[in-house]
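# Descriptive analysis of the structure
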Amino acid sequence: MEAQVPPNVRVKAKKGPYRVELTAGQTIYFCDCGRSKNQPYCDGAHAGTEFGPIAFTAPETKAYFMCGCKYANIKPMCDGQHNKIEW
């Protein structure tokens, strides 16, 4: 985690997606702040920020590609935004 990131700014956790195997009906809580030590899952590290977890329930059993940079327009899924933002 970047120590000096203000609480109103997302931490860029990874330049690329996290591959996650989910079962149909399984709900996960995606880290939207980028501060979690258990990426891409929320671990409560957003406390004191304006961000919170994003609930996602898998519609089918398969691999999902979750946003690593935290700036995707279709969160929690990766949309390639990591290729367009400054690192």
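Residues numbered from 1 in each chain as written. Predicted model: local features only at pLDDT ≥ 70, side-chain atom pairs only at ≥ 80, totals over all residues. Heavy atoms only, no water.

An unreviewed UniProt entry annotates the protein chain as Iron-binding zinc finger CDGSH type domain-containing protein originating from Stentor coeruleus.

What follows is about the overall build of the protein chain. In terms of regular secondary structure, the protein chain is built from zero helices and four strands. By the compact-globule yardstick of 12 Å for 87 residues, the protein chain fits well, its C-alpha radius of gyration being 13 Å. Along the first, second and third principal axes, the C-alpha set of the protein chain runs to 40 × 30 × 20 Å. Taken across its 87 residues, the protein chain has 40% of its residues classed as buried. The contacts of the protein chain with a sequence gap of at least 6 include a subset with a gap of at least 24, amounting to 60%. (Helix = DSSP H or I, 4+ residues; strand = E, 2+ residues; numbered from the N terminus. Rg over C-alpha atoms; globule rule 2.2 N^0.38 Å. Buried < 20%, exposed > 50% of the residue type's maximum accessible area, 1.4 Å probe, protein only. Contact = heavy atoms within 4.5 Å.)

Our next topic: the nonpolar core. Counting residues in each nonpolar core, the largest one holds 14 residues, and the members touching the most others are L22, I28, F56, Y64 and M66. Where this core is concerned, the elements lending two or more residues are β1 (18-22), β2 (27-30) and β4 (62-66). Looking at this core, the element that brings in the most residues is β1, giving three residues. Contact partners of L22, with chain neighbours within four places excluded, come to I28, F56, A58, E60, T61, K62, Y64 and M66. (Core = buried A, V, L, I, M, F, W, Y, C linked by side-chain atoms within 4.5 Å.)

Counted according to the given criterion, the structure contains three salt bridges. Between D32 and R10 there is a salt bridge; the shortest N-O distance is 3.0 Å. A residue pair is termed long-range when its members are at least 10 positions apart, and D32 in the loop between β2 and β3 (54-57) and R10 in the segment before β1 qualify at 22 residues. What makes D32 buried here is its relative accessible area of 8%. Judged by its relative accessible area of 22%, R10 is partly exposed. (Salt bridge = Lys/Arg side-chain N within 4 Å of Asp/Glu carboxyl O.)

Turning next to the pairing of β1. Going residue by residue along β1, you find Y18, V20 and L22 tucked away on one face and R19 and E21 left uncovered on the opposite face. In this structure, β1 lies alongside β4, joined through five bridges in antiparallel fashion. Across the sheet, residue Y18 finds its bridge partner in β4, namely M66. (Pairing = 2+ DSSP bridges.)

UniProt's entry tags residues 15-52 and 53-86 with the feature "domain: Iron-binding zinc finger CDGSH type" (unreviewed entry), counted in the numbering of this structure. Span residues 15-52 is 0% helix and 24% strand, its end C-alpha atoms 21 Å apart. (UniProt positions renumbered as here; feature names shortened; annotations may be inferred.)

Attention now goes to the environment of A24. Within the secondary structure, A24 is located in the loop between β1 and β2. You can call A24 partly exposed: its relative accessible area is 43%. As a C-alpha pair, A24 and A55 span 31 residues in sequence and 14 Å in three-dimensional space. Among residues more than four places away in sequence, those in contact with A24 are A58, P59, E60 and T61.

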